[in-house]
Each structure stands twice: as structure tokens, then as C-alpha cells.
Amino acid sequence: MKLRQRDKDEPVVDVGSFSDIAFLLIIFFILTTTFTKLTGNTMSIPSGSTESTPSEDKQDTITLNGEEITYGETSKSMTLDELRDTLDESAYGERGADERMVILQSSDNVSFELYYQVVMAIRNAEGVLALIDEDDKGDEE
Amino acid sequence: VNIRRKRKPASTIVPIASMGDIAFLLIIFFVLTTTFAKEAKVKLEMATSPDITKLKDSQISVTQDAEGVIRVQGEECEMKDLKQKVQALVAGKDKKVVMLKIDKDLKHSAFKQIFLDLSEVGADIALVGQKEKK
């Protein structure tokens, strides 16, 4: 007796369109990716207690109160641009390590925007930032 | 009679069978090398200054949004735990750089402790902001 053999269809997965899908994914990622450009400045802030701080006569002091900026021993009030110019003229880059320190004293009502601009100006003038907040100053006195 | 056979014209078919493999390799490469910004969900307005330059990405990030919420590596953190957390992250690293982003409208009373803590840890602070034209 002659038996008919059944034709068995082999299961075939059609992978022909895989490359199209892959390329579509690549195009999607390329178009939707946004690269973050970071801008700013890196700085190190020396830490220490108020007792270990070198004498203040070698250091310049910037005081921020609200929107007001005062600079130096005479607490001369100035604008941000004037402060930038003054810091640039101070040539901190040419000074010794002890004399490059700029003390930044700030009251609680100062916004980060102003604080940031002053810090960046000090950094740009190659000064070394030293932080003092008013509580410390009060304790010191 | 010796008749020369005509040469077959050169094939102009470009083999594209391996294109799919190349595409998948590219996808695998991008998937493995992409790092997502840890603080992507944090919404804050950056401070601006003309005195800034390009900054290299740092592996440690500290952010403080407009409501004063502090996040270390994208996870919320109390101010009292900040120093300890950053200390653990910078331990054993050659470059102790901490990327710091703070909302521009925050007041000094809210962010001053971050600076003091990072300073005590001995970390360099990469202060992130936006470039402003002079």
C-alpha cells in the first residue's frame, strides 16, 4: 500500500523586516536624544574653623545683604560689574597662596542667583573662596 | 571556429543582508553606553553668570530645587544626612568632584549648609549654571 507522505511546513520566522525595525529605532533615538551641555566652574572651598583662619588683613571681604554688595575694609557698596572689575584688578593669580583668599559673607536673604554670580566672579579672578556665614561671625564676636 | 564567449556584465547588486546585524549592533552599543541624567526629574531654574565655562560631567550630583528639596544622585536626602552620603560617595575616589545644582531663587539660609558640608568633606564643587552674555 502506498502511503502519501504529508508535506510538513517548516516553521519559518520572517526576519526580513528586522533591519527596518532596527533602523527605525536608531532614527527614533537619534531624533529624541538631547545631550546635556554642562556649564559652570569647579572650585574647592577650603574648610576650617574660624580659629584657624589666617589674619583677615591679607584677605578681601565681600559682604552680601539682600541685593547689596559691599567690598573691602571700607565696605564700599558696588554693583556686580564694579565688583568684577575690582576683583580682576586685584590680580589674585599673581599673589601668594595666603593672599588669594576672598572671604564671602552672606546674609540669609541673599538669592542663589546673586551668590552664584559673585562666586563665579571670584573664581574667574583666580581668588580662593572662603565662606563665612553671619552665625559664625556672631559666634566669633 | 573558435567563438569567444561574451563576458557577463559585472553584478551591481549591493549586499544588504548584514545591514540588520549592523543596525542591531548599533542599538546594543547605544543602549550599553547611554547613561541617563540622574536628576532629570528635578525641576529647577539655573543661575546665570558670564564667568563660566564648559564643565565635565561628574559622577556625583547634588541638587536643590525651588522648594529646597535636596537630592543626592537623584534621591531625596535630608540636610542632616547630606555630609555622610557625599562622604560615602567620594570615598576612595581620586577626583572628589561633586556637581552642584541649586535653584536660582533659593535663599542663602536654605543652601548655605550644602556649601559648608561639601567643603568639610573636601570635595571640589562643580557649580552648574547657565552662560549669560556680559
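These numbers were taken from a predicted model, which means no experiment stands behind them.

Cut-off values and rules
Residues numbered from 1 in each chain as written. Chains lettered and ligands numbered in written order. Predicted model: local features only at pLDDT ≥ 70, side-chain atom pairs only at ≥ 80, totals over all residues. Heavy atoms only, no water. Helix = DSSP H or I, 4+ residues; strand = E, 2+ residues; numbered from the N terminus. Rg over C-alpha atoms; globule rule 2.2 N^0.38 Å. Buried < 20%, exposed > 50% of the residue type's maximum accessible area, 1.4 Å probe, protein only. Salt bridge = Lys/Arg side-chain N within 4 Å of Asp/Glu carboxyl O. Core = buried A, V, L, I, M, F, W, Y, C linked by side-chain atoms within 4.5 Å. Contact = heavy atoms within 4.5 Å. Phe/Tyr/Trp six-rings, centres within 6.5 Å; stacked < 30°, edge-to-face > 60°. Expected span 1.5 Å × (residues − 1). Arc of directions from axis to C-beta. Pairing = 2+ DSSP bridges. Axes fitted to C-alpha atoms, helices over the stretch in contact; angles between N-to-C directions. pLDDT = per-residue confidence, 0-100. Buried area = accessible area lost by both parts, 1.4 Å probe. Polar contact = N/O pair within 3.5 Å; in protein donor to acceptor, adjacent residues only side chain to side chain. Nonpolar A, V, L, I, M, F, W, Y, C, P; charged D, E, K, R; others polar.

## So, the overall build of chain B
Tallying secondary structure elements over chain B gives three helices and eight strands in all. Start at the N end of chain B and walk to the C end: the helices and strands fall as α-β-β-β-β-β-α-β-α-β-β. Over its C-alpha atoms chain B spans a radius of gyration of 27 Å, topping by over 25% the 14 Å that the globule rule assigns to 134 residues. In terms of overall dimensions, chain B has a C-alpha envelope of 105 × 40 × 25 Å along the principal axes. Counting only residues that meet the buried cut, chain B has 37% of its 134 residues in that class.

## A few points about the pattern of salt bridges
Residues and elements named next belong to chain A. Taken as a whole and judged by the stated rule, the model has nine salt bridges over all chains. Between Arg84 and Asp81 there is a salt bridge, and its shortest N-O distance comes to 2.9 Å. Of the two residues, Arg84 and Asp81 are both situated in helix α2 (residues 80-89); the distance of three residues between them amounts to about one turn of the helix. Since its relative accessible area comes to 51%, Asp81 is described here as exposed.

## Points about the environment of Ser61 of chain B
Residues and elements named next belong to chain B. In this fold, Ser61 is placed in strand β3 (residues 60-64). Accessibility expressed as a relative area gives 4% for Ser61, which makes it buried. A sequence separation of 46 residues divides Ser61 from Pro15, and the C-alpha atoms of the two residues are 48 Å apart.

## A short note on the nonpolar core
Judged by nonpolar contacts, the single largest core of 48 residues is most densely connected at Ile62, Tyr115 and Val118 of chain A together with Phe115 and Leu127 of chain B. At nine residues, the largest contribution of residues to this core is made by helix α3 (residues 112-124) of chain A. When near neighbours in sequence (up to four residues on either side) are disregarded, Leu127 of chain B contacts Thr39, Gly40, Asn41, Met43, Phe112, Tyr116, Val119 and Met120 of chain A together with Leu55, Leu100 and Phe115 of chain B. Counting residues in each nonpolar core, the second largest holds six residues, with Leu55, Val97, Ala126 and Val128 of chain B among its members.

## Here's the deal with the packing of aromatic side chains
Under the counting rule described, the total for this entry stands at seven aromatic pairs over all chains. Seen in terms of ring centroids, Phe29 of chain B and Phe30 of chain B are 5.5 Å apart; in terms of plane orientation they differ by 65 degrees. Their pairing is edge-to-face. Judged by its relative accessible area of 39%, Phe30 of chain B falls in the partly exposed class. These aromatic residues form a ring-pair network of at least three members: Phe112, Tyr115 and Tyr116 of chain A together with Phe111 and Phe115 of chain B.

## Here we look at helix α2 (residues 79-90) of chain B
Residues and elements named next belong to chain B. Spanning twelve residues, α2 covers 17 Å between terminal C-alpha atoms, matching the ideal 16 Å at 1.5 Å per step. Every buried residue of α2 is accounted for by Leu82, Val86 and Val90. All buried residues of α2 project into a common sector of 35 degrees when viewed along the axis, lining one side. The exposed residues of α2 that point more than 90 degrees off its buried face are Lys80, Gln84 and Ala88. For α2, the secondary structure elements touched by its buried residues are β3, β4 (70-72), β5 (75-77), β6 (97-102) and α3 (108-121).

## Focus on the sheet that holds β6 of chain B
Pairing within the open sheet is mixed, and its seven strands lie in the order β2(B)-β1(A)-β7(B)-β6(B)-β3(B)-β4(B)-β5(B). What marks the edges here is a single partner per strand, and that holds for β2 (53-54) and β5 of chain B. Pairing between β6 of chain B and strand β7 (residues 124-128) of chain B: four bridges, direction parallel. When the sheet's bridge partners are listed, Val97 of chain B is paired in β7 of chain B with Asp124 of chain B. Each of β1 (39-44) of chain A together with β6 and β7 of chain B is contacted by α3 of chain A, which is oriented at about 65 degrees to β1 of chain A, the strand it contacts most. On the sheet, α3 of chain B packs against β3, β4, β6 and β7 of chain B and is oriented at approximately 175 degrees with respect to β6 of chain B.

## Some remarks on the confidence of the model for chain A
Residues and elements named next belong to chain A. Predicted confidence across chain A gives a mean pLDDT of 78, with 79% of residues reaching 70 or more. Across chain A, the element-wise mean pLDDT spans from 46 in helix α4 (residues 134-140) up to 90 in α3. Of the regions scoring below 50 in pLDDT, residues 137-141 engages in four contacts with residues more than four places distant in sequence or in other chains.

## Re the interface of chain B and chain A
Contacts between the two partners involve 44 residues from chain B and, on the opposite side, 35 residues from chain A. Both sides of the chain B and chain A interface together cover about 3500 Å² of buried area, and 63% of this is carbon and sulfur. The salt bridge involving Arg84 of chain A is made with Asp51 of chain B; its shortest N-O contact spans 2.9 Å. Inspection of the region where chain B meets chain A yields 20 residue pairs in polar contact (both at pLDDT 80 or more). Of all the secondary structure elements, the ones that give two or more residues to the side of chain B that touches chain A are α1 (19-33), β1 (48-49), β2, β6, α3, β7 and β8 (130-131) of chain B. Examining the composition of the side of chain B that touches chain A, we find that eight residues originate from one element, α3 of chain B, more than from any other. In the side of chain B that touches chain A, the residues fall into 21 nonpolar, nine polar and 14 charged. The pairing of β1 of chain A with β2 of chain B spans two bridges and is antiparallel. Bridge pairing in β2 of chain B places Gly40 of chain A opposite Thr53 of chain B.

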